[in-house]
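Each chain, letter by letter, is given below.
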Amino acid sequence: MSRDGRPAVRVQLARQVAFVVLRAVTTSDAYANLLLPREIERAGISGSDAALATELAYGTLRRLGTYDAIIRSAAGRELDTIDPPVLDALRLGAHQLLATRVAPHAAVNESVQLAREESGPRAGGFANAVLRRIGQADFTTWIARVTEAARSDDERLAIETAHPVWVIRALRRALAAEGRDGELVDLLAADNAAPTVTMAALPGLAEPDGERTPYSPTGFRLGGGDPEPAVRRSRGRLRVQDEGSQLVALALTRLAPVTPGERWLDLCAGPGGKTALLAAEALAGGAALDANEISHARAGLVRRAIAPVPLEVEVHERDGRELASERGGAYDRILVDAPCTGLGALRRRPEARWRKQPSDVAELATIQAQLLEAALTALEPGGVVAYVTCSPHLAETAAIVREVVERRGDEVEELDARAALQAVALTPLDLPEPADGSGHAQLWPHRHGTDAMFLALLRKRA
């Protein structure tokens, strides 16, 4: 029996897992992509139940802003007056009612039970009333209702596509820099689509074991299901990795033939996916590789990622700006996968759009420029830095490169990153030249099916 004496509704394990993840993300700034697999394993679910938990957690997080607008309207009150656990239960229920084929009675009853278990009988009654009101109309009807009061086209688009207004404007500017601002709606839709799982085979150590991806020579896709068994069978030489991440790493390692004895550095290595690719390429070419990651926990992930590669790689745990500045002229190739807003990976990290603020960009940009400057110091003459972000925001990408190149003057030249990517890709990439005539390259989820990875290649003049 429940606390109010009614027969208790049994909440399906998949919904319990999704609710736990949602609560952790909204209250503790947890990362869904890290927490969800652990909660699925802890609950002992697999197959269709694990798939349902994933869809409920990720789908709710992707559309959080839209569901909040609908809940505010259906409840007739501001969200900050709703008990946070009840609000999360309402979000989960709204997603099931408006965007899935879950039976409405199950969506309502089990979401109400979650609210009741967390906050008591009155909360359950409130959740029941709100969800039944939401269930009286479909998603399109609700969007029409909640956008009536929008103060601008961008605000309306923000509600329709579940992106904050500042993110929409930043993405529009980034597309406009390529003369492609008309693709904005397609990009926003791609951000809200569940991505397919892309795998990488470490070159020289494993071969792609499935349908090949269109661009990366190391990429492939499994037939479906959980990729973890394939990863375990290969002892980590097959691994989950976005195709864009593979391409930007390979653009550096294959920019020119490797001379045995070269020294490479992955300056911001965590969690280690690109480091593993660099290690395999270094092993094949006779190069040495160092890695650095300031976070102790993420440095541990780097060590795990490179363990399948029979190459001795020292993983430092230092501020990359300090380490690189102390090693003047030590390296031939350096990857700076800079910390960023993550706006290029909203398909995989849906909570990032709600967690980041415009003020974060300026703080990150300072760090990004300092890391790139330090990396150039650590290059020997003739060496190359690959500056990479998983964000298309111009303040984190083109503006950083332009600032550093202008400051360095004749010491640095920008190479053609688009040509470097095309040389690696199995089929041609649609990479328009930026309006400023620079050499950088930008990948996009709606155009290439990858995360929105940015790449610039800078050579230190001899």
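Residues numbered from 1 in each chain as written. Predicted model: local features only at pLDDT ≥ 70, side-chain atom pairs only at ≥ 80, totals over all residues. Heavy atoms only, no water.

**A short note on the overall build of the protein**
Part 1: For the protein, the count of helices and strands is 21 helices and 12 strands.
Part 2: In terms of C-alpha radius of gyration, the protein reaches 24 Å, essentially the compact-globule figure of 23 Å for 462 residues.
Part 3: Projecting the C-alpha coordinates of the protein onto the three principal axes gives extents of approximately 75 × 50 × 40 Å.
Part 4: By residue count, 56% of the 462 residues in the protein fall in the buried class.
Part 5: Considering only residue pairs separated by 6 or more positions, the protein has 73% of its internal contacts joining residues 24 or more positions apart. (Helix = DSSP H or I, 4+ residues; strand = E, 2+ residues; numbered from the N terminus. Rg over C-alpha atoms; globule rule 2.2 N^0.38 Å. Buried < 20%, exposed > 50% of the residue type's maximum accessible area, 1.4 Å probe, protein only. Contact = heavy atoms within 4.5 Å.)

**Things to note about the pattern of salt bridges**
Part 1: Following the criterion strictly, the structure yields 35 salt bridges and no others.
Part 2: With its nearest N and O atoms 2.7 Å apart, the salt bridge here joins Arg 91 to Asp 68. Of this pair, Arg 91 sits in helix H5 (residues 84-99) while Asp 68 sits in helix H4 (residues 64-75), placing them 23 residues apart in sequence. The same class applies to Arg 91 and to Asp 68, which are both buried. (Salt bridge = Lys/Arg side-chain N within 4 Å of Asp/Glu carboxyl O.)

**Re the packing of aromatic side chains**
The relative placement of two aromatic rings is captured by the distance of their centres and the angle of their planes.
Part 1: Applying the stated criterion across every chain, the model contains 1 aromatic pair.
Part 2: Ring geometry for Tyr 387 versus Phe 454: centroids 6.2 Å apart, planes at 75°, classification edge-to-face. Of this pair, Tyr 387 sits in strand E9 (residues 379-389) while Phe 454 sits in strand E12 (residues 454-460), placing them 67 residues apart in sequence.
Part 3: Relative accessible area serves as the criterion here: at 0%, Tyr 387 is assigned to the buried category.
Part 4: Looking at Arg 355, its charged tip hangs above the ring of Tyr 31, at a distance of 5.0 Å from the centre. (Phe/Tyr/Trp six-rings, centres within 6.5 Å; stacked < 30°, edge-to-face > 60°. Lys NZ or Arg CZ within 6 Å of the ring centre and 35° of its normal.)

**Examining H4**
Part 1: Across its 12 residues, H4 extends 16 Å between first and last C-alpha, which sits within 8% of the 16 Å expected from 1.5 Å per residue.
Part 2: Burial analysis of H4 places 9 of its 12 residues in the buried class, the great majority of the element.
Part 3: Among all positions of H4, only Leu 64, Thr 66, Tyr 67, Asp 68, Ala 69, Ile 70, Ile 71, Ala 74 and Ala 75 are buried.
Part 4: Where H4 is buried, its residues meet helix H3 (47-62), H5, helix H7 (121-134), helix H8 (139-146), helix H9 (153-161) and helix H17 (352-355).
Part 5: Backbone geometry just after H4 places Gly 76 at a positive phi near 70°. (Expected span 1.5 Å × (residues − 1).)

**Considerations on the layout of surface pockets**
Part 1: The computed volume of the second largest pocket comes to approximately 200 Å³.
Part 2: Every residue along the wall of the second largest pocket is listed here: Gly 65, Thr 66, Asp 68, Ala 69, Arg 72, Leu 79, Ala 158, Ile 159, His 163, Pro 164 and Trp 354.
Part 3: At the level of secondary structure, the elements contributing two or more residues to the lining of the second largest pocket comprise H4 and H9.
Part 4: The residue inventory of the lining of the second largest pocket, partitioned by class, reads 6 nonpolar, 3 polar and 2 charged. (1 Å grid on protein atoms, 1.4 Å probe; cavity = no way out; pocket = protein on both sides within 12 Å on 5 of 7 lines; lining within 4 Å. Points joined across faces, edges and corners; volume = space filled by probe spheres on them. Nonpolar A, V, L, I, M, F, W, Y, C, P; charged D, E, K, R; others polar.)

**Here we look at the environment of Asp 191**
Part 1: Locating Asp 191 in the fold gives a position in helix H11 (residues 184-191).
Part 2: Look past the residues within four positions of Asp 191 in its chain and what remains in contact with it is Arg 62, His 163, Leu 171, Leu 346, Arg 347, Arg 353 and Pro 445.

**With respect to the nonpolar core**
Part 1: Counting 54 residues, the largest nonpolar core has Ile 82, Leu 90, Ile 134 and Trp 142 as its most contacted members.
Part 2: Elements supplying a minimum of two residues to this core: helix H1 (13-28), helix H2 (32-43), H3, H4, H5, helix H6 (104-119), H7 and H8.
Part 3: Apart from the residues within four sequence positions on either side, Trp 142 is in contact with Ile 70, Ser 73, Ala 74, Leu 98, Arg 133, Ile 134 and Ala 137.
Part 4: Counting 45 residues, the second largest nonpolar core, distinct from the first, contains Ala 280, Val 388, Cys 390 and Ala 420. (Core = buried A, V, L, I, M, F, W, Y, C linked by side-chain atoms within 4.5 Å.)

Don't take any of this as a statement about function, it's just geometry.
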